[in-house]
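Inside the fold
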Amino acid sequence: MADELPITAQMLKDLRKLEESGWIGCARGRGAWRGTGGNIGLHDAPMLTQARLARKVYKGRAPRIVITERGRKLLASRERRSDA
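Below is a short write-up of the structure. Each residue is numbered by its place in its chain's sequence as written, counting from 1. Note on the predicted model: pLDDT of at least 70 is required for a residue's local features to be given, and 80 or more for side-chain atom pairs to be given and counted; whole-chain, interface and lining totals, by contrast, use all residues. Note: side-chain values were computed over all heavy atoms of the structure, leaving out hydrogens and water.

**What to know about the pattern of salt bridges**
Quick reminder of the rule: Note on definitions: salt bridges are taken to be side-chain nitrogens of Lys or Arg within 4 Å of carboxyl oxygens of Asp or Glu. Helix and strand definitions here come from DSSP, where helices need a minimum of 4 consecutive H or I residues and strands a minimum of 2 consecutive E residues; each element is numbered from the N-terminal end. Residue burial is assigned from relative accessible area. The probe radius is 1.4 Å, only protein chains are included, and a residue is buried under 20% of its type maximum, exposed over 50%, and partly exposed in between.
As enumerated under the stated definition, the model contains one salt bridge in all. A salt bridge links Asp14 to Lys17, with the nearest nitrogen and oxygen atoms 3.9 Å apart. Of the two residues, Asp14 and Lys17 both sit in helix H1 (residues 9-21), three residues apart, roughly one turn of that helix. The residues Asp14 and Lys17 share a single accessibility class, namely buried.

**Structural notes on H1**
Note the cut-off: One fewer than the residue count of a helix, multiplied by 1.5 Å, yields its expected span.
Compared with the 18 Å implied by 1.5 Å per residue over 13 residues, the 19 Å span of H1 between its first and last C-alpha is a close match. Residues Met11, Leu12, Asp14, Leu15, Lys17, Leu18 and Ser21 constitute the buried set of H1. Note on H1: the residue one or two positions beyond its end, Gly22, has a positive phi of about 75 degrees.

**Observations concerning the environment of Gly41**
With respect to the helices and strands, the residue Gly41 is situated in strand E3 (residues 38-41). Accessibility expressed as a relative area gives 24% for Gly41, which makes it partly exposed. Sequence separation between Gly41 and Ile67 is 26 residues; the distance between their C-alpha atoms is 15 Å.

Here it is as structure tokens:
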């Protein structure tokens, strides 16, 4: 496997937005991925998908980006680390 991407603060912020958006994720809109948890920039989403923390879903009318299990585990481990 290739070298893993370093997890940046912006990636964590975008993952939290995806998690807050729930199972529906963020739909592709004009200029951003838009969801109930917030917006994710067009240039930030590819970093999440490349690191396999999020994936694109092409069901329905517009493509969506949703958090993966790996992304949820990363957020949970970071929160546990900050609580300790």
